[in-house]
Every structure is written in structure tokens, then in C-alpha cells.
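Chain by chain, the residues run as shown.
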Amino acid sequence: MSESFRIADTKDSRVSGRPLRFVFDGIAYQGREGDTLASALLANGVHLMGRSYKYHRPRGVLSAGAEEPNALVAVTRGPGRMTPNLRATQVELFDGLTASSQNNWPSLAFDAGAINDLAGKFFSAGFYYKTFMGPKVAGNWLWTKVFEPIVRQAAGLGARTTEPDPDRYAQFYTHCDVLICGGGAAGIAAALAAGKSGKDVIFCDEQAEFGGSLLHEGTASIDGKPARDWLADALAELRTFSNVRLMPRTQAFGYYAQNFVALSERVADHLAEAPNGARERLWQVRAKEVVIATGAIERPLVFPGNDRPGVMLAEAARIYLNRYGVKVGSRVVIVTAHDSAYRVALDLAAAGVVVAAIADTRANPPVARLIEAKAAGLRVIPSATVTDTKGRLRVSGIGIAAVSGVVVDAPEWVACDAVLMSGGWTPSVHLYSQSRGKVVWHEDRQMFLPGASVQAERSAGACKGSFALVDILIEGYRAGEEASGASGLRAFAVSGDAGIEGGTMGRLPLLPGSKGKAFVDFQNDVKADDIELAVQEGMRSIEHVKRYTTTGMATDQGKTSNLNALAIAAGKLGKSIPQVGLTTFRQPYTPVTFGAFAGANRGDLFDPVRQTPIHSWAEENGAAFEDVGIWKRAWYFPRQGEDMHAAVKRECQQARASAGIFDASTLGKIEVVGPDAAAFMEKLYTNPWAKLEPGRCRYGLMLNEAGFVIDDGVIARMGDDRFHVTTTTGGAPRVLHHMEDYLQTEFPDLKVWLTSTTEQWAVIAVQGPKARDIIAPLVTGIDLSKDAMPHMSIREGKVCGVPARVMRVSFTGELGYEINVPADYGRSVWEAVWAEGRKYNAVAYGTEAMHVMRAEKGYIIVGQETDGTVTPDDLGLNWAVGKAKKDFVGKRSLIRPDMVVEGRKQLVGLLTDNPATVLEEGAQITAASAAPTRTSALGHVTSSYESPALGRSIALALVADGRKRMGETLYVPMPGGAIAVKVVGPVFVDPKGDRVNE
Amino acid sequence: MLLIRCPYCEMERPELEFRYGGEAHVARPLDPMATSDDEWADYLYFRSNPRGLHAERWRHINGCGRFFNAIRDTVSDKIVVTYKAGEARPATTGEIA
Ligand SMILES: [Zn+2]
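Bear in mind the structure is a predicted one, so any value in this text is a computation, not a measurement.

Draft legend 1. Summary view of the overall build of chain B. Summing up its helical and strand segments, chain B has one helix and six strands in all. In chain B, the succession of helices and strands from N to C terminus is β-β-β-α-β-β-β. Seen along its three principal axes, the alpha-carbon backbone of chain B occupies a region of about 40 × 30 × 20 Å. In chain B, buried positions account for 37% of the 97 residues. Partitioning the contacts of chain B with sequence separation of at least 6, the portion at a separation of at least 24 is 46%. When the accessible surface of chain B is summed, it comes to about 5,500 Å², and 49% of that surface belongs to carbon and sulfur atoms. Side chains of chain B give 13 positive and 15 negative charges; the mean places of these two sets differ by 6 Å.

Draft legend 2. Expanded view of the side chain of A:Arg965. With respect to the secondary-structure elements, A:Arg965 resides in the loop between β50 (952-960) and β51 (969-972). Excluding its chain neighbours within four sequence positions, the residues that come into contact with A:Arg965 are A:Leu938, A:Val959, A:Ala960, A:Leu970 and A:Val983.

Draft legend 3. Region of interest: the interface of chain A and chain B. At the junction of the two partners, chain A supplies 30 residues and chain B supplies 30 residues. Roughly 2,500 Å² of surface becomes buried between chain A and chain B when both sides are summed, with 49% attributable to carbon and sulfur atoms. Sorting the residues of chain A by area buried against chain B places A:His737, A:Gln744 and A:Arg892 first, and these three jointly supply 27% of that buried surface. Seen at the junction of chain A and chain B, the total is five salt bridges. In this structure, B:Arg28 engages A:Asp887 in a salt bridge whose closest nitrogen and oxygen atoms are separated by 2.8 Å. Along the contact surface separating chain A from chain B lie 17 residue pairs in polar contact (both at pLDDT 80 or more). Broken down by element, the side of chain A that touches chain B gets its largest block of residues, seven residues, from helix α21 (residues 732-746) of chain A. Counted by class, the side of chain A that touches chain B contains 13 nonpolar, six polar and eleven charged residues.

Draft legend 4. Representation of the coordination of the zinc ion in the model. All names here are of chain B. Protein coordination at the zinc ion comes from Cys6 (SG), Cys9 (SG), His60 (ND1) and Cys64 (SG), with a distance range of 2.0 to 2.3 Å. Given four donor atoms and angles of 106 to 116° at the metal, the environment of the zinc ion is assigned as tetrahedral. Look at Cys64 and you get partly exposed, because its relative accessible area is 33%.

Draft legend 5. Seen up close, the layout of surface pockets. All names here are of chain A. Estimated volume of the second largest pocket: approximately 1,100 Å³. Forming the walls of the second largest pocket are 41 residues, and the residues nearest its centre are Thr83, Pro84, Val592, Thr593 and Phe594. Looking at the lining of the second largest pocket element by element, the count peaks at six residues for strand β6 (residues 82-87). Considered class by class, the residues forming the lining of the second largest pocket number 14 nonpolar, twelve polar and 15 charged.

Draft legend 6. Inspection of the sheet that holds strand β46 (residues 843-844) of chain A at higher detail. Residue and element names in this part refer to chain A. Pairing is mixed across the open sheet formed by seven strands, whose spatial order is β42-β43-β44-β45-β41-β35-β46. Here the strands that pair on one side only, and so sit at the sheet edges, are β42 (779-780) and β46. Relative to strand β43 (residues 793-799), β42 runs antiparallel, the two being bridged by two bridges. Within the sheet, the bridge partner assigned to Thr780 lies in β43 and is Lys798.

Draft legend 7. Region of the structure containing the packing of helix α13 (residues 528-536) of chain A against helix α15 (residues 562-573) of chain A. All names here are of chain A. Running from amino to carboxyl end, α13 crosses α15 at an angle of 40°, the nearest separation of the two axes being 9 Å. Regarding the angle of α13 to α15, the classification is oblique. Crossing of α13 against α15: the hand is right-handed. For the pair α13 and α15, the contacting residues are Ala528, Ile531, Glu532, Val535 and Gln536 in the first and Ala565, Ile568, Ala569, Lys572 and Leu573 in the second. Each residue belonging to the contact of α13 with α15 can be placed in one class, and the counts come to seven nonpolar, one polar and two charged.

Draft legend 8. View of the sheet that holds strand β1 (residues 19-24) of chain A. Residue and element names in this part refer to chain A. Here we have five strands laid out as an open sheet, ordered β2-β1-β7-β5-β6, and mixed in their pairing. Strand pairing shows two members of the sheet lacking a second neighbour, β2 (27-32) and β6, which therefore form its edges. Across the sheet, the axes of successive neighbouring strands diverge by a mean angle of 35°, strand direction being ignored. With four bridges joining them, strand β5 (residues 72-76) and strand β7 (residues 97-101) adopt antiparallel strand pairing. Across the sheet, the residue bridging to Val73 is Ser101, located in β7.

Draft legend 9. Representation of the nonpolar core in the model. Residues and elements named next belong to chain A. Counting 76 residues, the largest nonpolar core has Phe22, Leu37, Tyr320, Leu348, Ile398 and Leu420 as its most contacted members. Among the elements that take part in this core, helix α8 (residues 314-324) stands out by supplying seven residues, more than any other. Taken domain by domain, this core gets at least three of its residues from each of domain 1 (19-117) and domain 3 (300-423). Contacts of Tyr320, omitting those with residues within four sequence positions, involve Ala38, Ser39, Leu42, Val61, Ser63, Ala64, Thr89, Met312, Gly325, Val326 and Val328. Listed in part, the 45 residues of the second largest apolar core include Cys697, Val809, Met853 and Leu907.

Draft legend 10. Summary view of the pattern of salt bridges. All names here are of chain A. All told, the structure shown has 64 salt bridges over all chains when counted by the stated rule. As a salt-bridge pair, Arg507 and Glu532 come within 3.2 Å of each other at their nearest N and O atoms. In this pair, Arg507 is assigned in the loop between β30 (494-495) and β31 (519-521) and Glu532 in helix α13, connecting sequence segments 25 residues apart. Judged by its relative accessible area of 22%, Arg507 is partly exposed. Take Glu532: its relative accessible area is 24%, and that puts it in the partly exposed class. It is possible to trace a salt-bridge network through shared partners that takes in Glu217, Glu315, Arg318, Arg343 and Asp347.

Draft legend 11. View of helix α9 (residues 340-350) of chain A. All names here are of chain A. The buried fraction of α9 is high, at eight of eleven residues. Those residues of α9 that sit buried are Ser340, Ala341, Tyr342, Arg343, Val344, Ala345, Asp347 and Leu348. Where α9 terminates, the next one or two residues include Gly352, which has phi positive at roughly 95°.

Thresholds applied
- Every chain is numbered independently, its residues counted from 1 as its sequence is written.
- Whichever chain is written first becomes A and whichever ligand is written first becomes 1, with later ones labelled in order.
- In keeping with the predicted nature of the model, local features appear solely for residues at pLDDT of at least 70, side-chain atom pairs appear and are counted solely at 80 or more, and the whole-chain, interface and lining totals rest on all residues.
- Side-chain descriptors were evaluated using all non-hydrogen atoms of the structure, hydrogens and water having been removed beforehand.
- Secondary structure elements follow DSSP: runs of H or I of four or more residues count as helices, runs of E of two or more count as strands, with numbering from the N terminus.
- Exposure categories follow from relative accessible area, calculated using a 1.4 Å probe and restricted to protein chains: below 20% of the type maximum is buried, above 50% is exposed, and the middle band is partly exposed.
- Here, two residues are considered to be in contact whenever any of their heavy atoms come within 4.5 Å of each other.
- Accessible surface is estimated by sampling points in the Shrake-Rupley manner with a 1.4 Å probe; for residues, cover comes only from the protein chains shown.
- Counting rule applied: Lys, Arg positive; Asp, Glu negative; His and chain ends not counted.
- Every charge is mapped to an atom, namely NZ of Lys, CZ of Arg, CG of Asp or CD of Glu.
- In short, buried area is how much 1.4 Å probe accessible area vanishes from two parts on joining, totalled over both.
- Just to be clear on terms, a salt bridge is a Lys or Arg side-chain nitrogen sitting within 4 Å of an Asp or Glu carboxyl oxygen.
- Nitrogen and oxygen atoms within 3.5 Å of one another constitute a polar contact, given that in protein one can donate a hydrogen and the other can accept it, and given that sequence-neighbouring residues count only through two side-chain atoms.
- Lys, Arg, Asp and Glu make up the charged group, whereas Ala, Val, Leu, Ile, Met, Phe, Trp, Tyr, Cys and Pro make up the nonpolar group; the residues left over, Gly among them, are polar.
- The rule for donors is simple: an N, O or S atom within 2.8 Å of the metal counts, and for Na, K and Ca the reach is 3.2 Å. Water is not among the atoms, so a site may look short of donors.
- Here a site with four donors is tetrahedral if all angles are between 85 and 135 degrees, and a site with four or six donors is square planar or octahedral if opposite donors are over 155 degrees apart and the other angles are between 65 and 115; anything else gets the irregular label.
- A cavity here means a set of points on a 1 Å grid, drawn over the protein atoms and nothing else, where a 1.4 Å probe fits but cannot get out; a pocket is an open set with protein on both sides within 12 Å along at least five of seven lines, and a residue lines either one if it has an atom within 4 Å of a point.
- Grid points are joined across faces, edges and corners, and a volume is the space filled by probe spheres set on the points.
- At least two DSSP bridges between two strands are required for those strands to pair.
- The axes are straight lines fitted to the C-alpha atoms, using for helices just the contacting stretch, and the angles between their N-to-C directions are given from 0 to 180°.
- With respect to orientation, any angle under 35 degrees is reported as roughly parallel, any angle over 145 as roughly antiparallel, any angle of 65 to 115 as roughly perpendicular, and every other angle as oblique.
- Take the far helix as the reference: if the near one is turned anticlockwise from it by less than a right angle, the crossing is left-handed, and if turned clockwise, right-handed.
- To form a nonpolar core, buried Ala, Val, Leu, Ile, Met, Phe, Trp, Tyr and Cys residues must be joined to one another through side-chain atoms within 4.5 Å.
- Domain borders in the structure are assigned automatically or taken from a domain database.

The following block contains the structure:
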């Protein structure tokens, strides 16, 4: 049975004679070059291409284009190259294509999940809400333990591969004068006009070939030529324009602000071999003018059994016949509300297909149509409705009945192997709507059409409601001229065009007591009954009906279903269609791969990585690293056999016993310079700066205007007009932005310049009793003695002959220095310091030991001890607030009633009763050991470590009225029981602070 | 992605170069300590949040670094005009799209 539905003579079609082999669901077939997967399967008599989402009903292909709701397939091109949810109508055939259907188990023909179809009453409107969300309904164990997992497993679209995607995806930005979206007759006419103007034009179409409906137009002539010849000539002319970029296989999927249009281009999916270059390209186009020429989509009719395989859109059958040389059946019945299906009947009859009847829902089809049908010997049944269809995996018959008034007569059953339906045409206003234009309901034409333009765009052709080919061409040409600023209208002579009258929405008249399922949304399995039930259960707006029934919410976004759903809801509500409203069209028009959006931003390129100048040394010396923002920081330096715990303990002990050397280069650094630098610092930090002498440092605290701590760091005064400001790691951009904000907008009169110097300085911290001895041999031009250079001072000189700023500061509580050298010298100076340090048994330590040692001293980390609601007083840092200062950012807020109220959370230390217990950071703190539920916590643990200096665990915490609770026992409730803790001061080591002054 | 005209660079640049900065023309009191609790709370926390034209601060953070103001229609997301910090809010005929 090879290609038994392919017509003998395919010379007028777009498929070549070249055979291609392909596999669908494990069965080998033959197709032709130029086929889609859908047309190739139909050529082999295969309509059944999938199972439906909810009921697992057998489904055949409905359409021939991007709107396809049923024939969703997965295409596999090797490991990691599996793409699910592709529309078979868009998948181009290549030799060796391997595809499979979805939503079926164990096989497409026998689907165990079809039990859902029998349990259909469970799946009515609001099913998701009633079953998944409502505990009263879903409460019984049988449902939650048995049915729901089965339903969840069964109801789903496709499956994804878990292997990494080996393909590459490219992203481009581009600009043009005119972007034309849609390559049908209107788009081609527009491109001809715009091309002639010489403007820079991008012309894109989702399909492999430009031409749209002209690709399957076998009857009409344009300018005296058969439409297909005219198309070939027009495309040849377009290719002579160097200013026109033709982009086939390119879907304009999103229209955004200011004529920003996103295109996705399939570069390689039609090729048998995996590409060397990108598989897809994402184009972000900024167009001066846009022409929307996106055509129209045929509407299905809503009647019982309208989803049987073999029931499809009428024009699709004509596309398969004329474009692909494929007959969709041997004996078809046409059911239509629109003239266009008569042309389908005539073409099929001419190709030798038996057209058993044309059932026209209209009482009086146009006479011209009746004459055409009669001339071809075709039977027309007017005033017709469909009572039901039959057949299991393929339609085998259809019940057609006459409607007189509201009475539906007994049906006549007509045998057939395909039913071709047409409810008329829905203009594709998606891109127009995405451009924020408001669609307008035209009652006379029963259509939503584009209203006024909000952006520089215009619609042309069927998407604007023009269906006569001559109108489409004229309108397209005019749109192209308007968009390119040209003038000089062109005439088109068209003959042999099809009729354009008719159309219906909503469901066809039913036999009384009809039980058949009439589907509206094929992809989400929403029936006409579901929409009526939703209205009955109180939904009034289409937005509510949509969410309650999920109609229009599948991956096809209701391209074939939205208007039928709307008409049914409006009918049930007794309201007009615009009163019920149209749902919003959202990007993307058709699904776009994650790969296209990710582009090169994956793996190592996913996020930038910042490394310090000393990073390579840490790597060579076995450091484990941690991510701090996008910095990579040395976390600890394990020796052979050491775990993190052992390494950190050793690093802390050795640092306090001798010295530790630490890479502090990630500290944010900002140089504040200018005659008003001190005045500016007075405003931005809580501390007083005016009287700080050059050469001295001070711990600075930064608040936001609401009075909460947002940053801190040691700040050195380099001169009258210069400060060396340090910020938290990763905090520098935020601090600089904050400073610039005030400097530019609140204090613009201050003469100050701010420069980020984070990356300019490498910072080597040497902390411990031997710190001075270690650095002394390397330092020139600075008197390091205790009296000449006290704690919290800075000196400029040289280290290893390199210009340096040496600060005497401590974040460990020990004697300490931080050596700032130009970043390029960072590693060599580090190595020199390290060589000296080894003479004293110094240790290189990482961020974990740094954290432990600072916590032992009760030094806060902004972002750990603070959470954006913490004041200086809460932290016990009132000493850092300049009381005499008239103003600084945040000062006024510190006396707001809530900021001085009793019961604020204050920083304290916690010691567990069991010294071996290390609390969880973030754990809540209560007054009672078994606090009843709904008790508010007194606070939470902010930092918790095992302290090598104390030989026991320590913690910092924010606790309500903490400073009044010294000595109290509180509790940290944990799953294993409450942990008793004693409230103590936050400084655990050297509370008097003598050591820093050694 | 919006195109925003930086009044300092005198160029339309993509939104990615900019950072939003909240409502404009909310001046910090010259003497905060002289304000009442209510006045200060009003300055800190209360914003006009209009439906329609909204004067707001933007910073060309990945460009010239300057703060400036824009009038944006909060319904259509269209920026009607941008102007330098310190300049008065320009007269705009406020049509809600
Ligand atoms: Zn700028």
C-alpha cells in the first residue's frame, strides 16, 4: 500500500518525483520530496495521527497548516535531538525522518488511556478546579490515590528528552524599513510594491515556500496567467531586488512595543543531516513599518462526532490535493456553511474522488454555487445539519438531516471515508492584536477585524477580512506602497476566483436527545456541552469560560476554536458576541523552542563568571570554590583527607595562632573624589566624616531612606578630597547606583565624582598575631609600627615594589592588614606574602573560615544579619551613627514611631545548652519549648557555626527585645524537638577588642 | 523591548540599557528632621500610581549613567517624552490609549 492515495499526475503539485523513506510509529512509509509529514501519511491512507489530550480519543489530521490541533508528533533526530509537539502539517519530510505520535499507550490504535473517554463525565467543564483543587470533591482516597495520578499521567502533551540538546541556536538583532509578515497573495503583492521602492525589506513566511493559498490554487488566473505561474514570476521578480530579504521557514511569532517583531527561523529541521551551523535562528527585528498579511484560518463546524479521524477542514483537502497530489479519501462528504468548500468539491471530483454529497447548512446557497455543483453532477443538500458520524479509527459514515425551522428531520446516513467541513473563515488578527490594536466586531460579516493601528503597521488581505483574490492583491500592493512611502497603484486582473460568501459559528442544530460529543477545542478536548455547562455554572465572561473549560488554552491557542466557543457561550448567555468578549491573543503565535530563546546562553555561557586575580593560585592549591553572586570565591583549602569541617577548623585555628592570608579582592570598591567628597559622605553614611583625618579609616554604615541598613564597609580617607570606600562583596553596583542617585538628583550641587574601582585593586588580607612580621619585609615607604600605623589607618607605599594602599583593619578580631595592589600584580604579591607567611606557619583561608571568625567577633554580614528591615540600633551599631549630624540618608526614619518601639528584634548571641549542637540558620526562636501553633516567633537564627576558638557551637540571632533577654533560655523548635539556647552578647572572642591593637 | 530616548545622549536606545527608578518629582524634603511623621511617611511610601500618564525616573545605567525623567502612559506602556533631571515636567496632553 505505497502512496495509494497519491494522484498519478503530480506535475501541477509542489512535490517532486523523488521518493523519501520515513518512519511513523515504527512503520516505514514512502513519501515525496516536497511533502509534509501529514501529506505523506495521507498519501499512504493514514489519517490517525494522535490521541486527544484528555479523553485519548483517536484523532486524525484536521488542517494543513500552523493551526493544526490534532496531529502533534515528536520528531527524533538522534540523541538529544527529540522535539515533541510538532504539528505534522508543518514538519517537512526528509529521507529517514523518524516521528511518533503522542498521548498513546501502548499504541496509537489501542490506547489504554481511552478509558478516560468512558469516564467522560469526570472531565466536564471546570474539571481541573473541581478535582485538582477542591478538597471536598477530591477528598476521597480512591480519587486522590488512584484516579488522579492516572489522569495526571495520561493528560499531557508529549514527552521531552532528558539528554542535553547538541544543537546550536543563533540570535540576531536586525533593522529594516518594511517587515512583511506572511507570504501569501497579499504579502507577495506588498513585497513587490515595497521592493520596487528600494527600501530595506524583510519578507518572511512560516512555510518552506512562499505563496500561501496560491500554492494550491488550480483554478484562478492572475493577469492572464494561471495563479501558480503568476506566483513563480512574482517570486522571480522579488529575487531580483537586492533590497528584499526573503525569509522562508520563518514565523513572525510575536509583535511587541515600537514595531519590535520576533521571528523564529527553522534553518535545519528539514535537512536529513544534522547542521554544522545553527538549527534555528531567533530574529529580533525593529521595523520602521510592518505589513501584516497573515491570512485567515478555516473554522471547523461543531457537530457530534466531528473529531473522528477523516473529519477535516475542507480547504485542507484541497491543499493536500493540489499542492501535494494527495487524495484525503475515496468517497467524501462536504459539510459547509461557506462557498469556498464548493471549490474543494469540484477539485476533488475532477481528481476522481467520489463526492457523495455537499451538505450546505444554508437554506439558500448562492445560485452560482448550485449551478457549479450541478454541472459537476454533485448533489447539494441545503438546510442541512449533521446528527452524528460513525467509525472507530476512521469515519465511515455521516448522518445528514434537513432542518426545517427548529425541527431536525431524521438523518440520512451517507457512507464516506472523509468528511470535509467548513464553517467559514476566521481572519488571523493575532499579530495585529499583539501590537496592542483593538479588534472590532463586524456584525454584518460576523468577524473580528483589525481596528485602528496603534503602531506603524497595516493589515492586508484575508487577515483584514478581504477574501476575493483581486481585493487581496490590490490591498497587499497598496499596503506595501504605504509602508515604503511609494505611490502608483497597480491593477490586478483576476478570473476564476472561488465564492466568498457564507460562514457560521457555534454548533449546528442537534437531534433531540443527541448524545454525541461535539468538539470545539480539539487540542484541549473541550466540547460544546462543556462551554454551555460553564455558562450554566455561572461563568459570564469569555475569559472565565476559557479558564473554566480550558478552551483556547492549548498550544494552538484556539486558532480553530475560539470563535465557535465564543458563539456558543454568547448563545447560551443570550448576549451578543462583543458583549461576551474576545480573549487576548498572546505571543508566541506558534510554539518556539527553548533553544531559540536560550541561544548561546547556556553551559559556561549561561552567566558571566567573575574571578579574582588570585583565583588561579587558589585553584592550583586545591581550593573548593563557592559562588557569591557571580564571583567565584575560594571557600576553603582542604588538605589530603580533610573534609570541609576539618579544613575550616584548621584554617581558623592557625590564623588566630599565627596568621591567615585571605583573598579579599571581591570587596566592592568605590573611589569618592572631589572638593565636596566629605560633605557627600556625610550625607550617604550614618557616620561623621568631616573630621576624619587623611590616613585614617572608619567603619561606615549605609542606610536607605527608610532607615534600614543596606551596606557596610571600611572607608579610608586618602586626602581632604578623596575617600577609598569598600562595600560588601557584590554590593558595589547597588551602592554606586544609590550614591549616583543622590548625587545626581538630590545633591547635584556637590562637586563629587564616583568611580568604581572594584576590579582595579587586588586585596590580600593578612590577619593574625604574626601579620606584621609577615608583611614587613615586603613593605617599603610605610612605618608599620604600632604607634605609627594604628588600627583603622591607611598608608600609601610599596609592597614588593608595587604601589600599594595598605590598610590596618580586621575582620577576624586579630591584628590585621589589607594590602591593595593594582589587580595585575595581585597574584605575584600574593605569592610573595604567602612565601613570607610560610615562615610563620601561616595559612591560606577561604570564605568559610572568614565567616566563622567574623561571627566569633560578632561582626555582621549585611544580607545575613540584615534583611532590609533592620536598623543600626537593632544591630547594636548605634555607635556608628553620628548623633550630631543634621541629616543623612535614613536619619529621619530612625525616629519614626515604629523604629523606636519596644519589641524590635535585636542582634544577640545564642549558645546552645548542648555545645555540640549547631543550630540551623534561619530557624525560628520561641519562648516556650513547645510553643502552640500560631505562636509568633521571637526571631530567627542569622548565623550559626562551630567555633574553633571556643570549642563549641555559636550563633547570632535577631530576637525581639534581645538585649533585655541576656541569660534567658529560649527555644529553637526543630523537627526532632526544641533546642534550648541561652541568650548572650554577640561577641564571643576577645570582647574587649585588645587584639586588633597589638 | 522599548526604545527609550536618553535626553543626555540624545539617542533612542534599547530598554536593556536602562533601569527604572520609580516616580519622578518626589523631592526629598530639604530639612527632613523638620517634617512630621505623616509628612515623612508620605514622602517615603506614598506614590500616585495613576492610570495613564506617569512621570517617572529612569537611569541610562548601561550608557551615560545619567538619571532623567520620562512621561509614560501606564496603560499603553508608551513613553511620551523624556527630559533631563531637574527640568520641570513638560505639558502633555494626557490621552489614555
Ligand atoms: Zn544616556
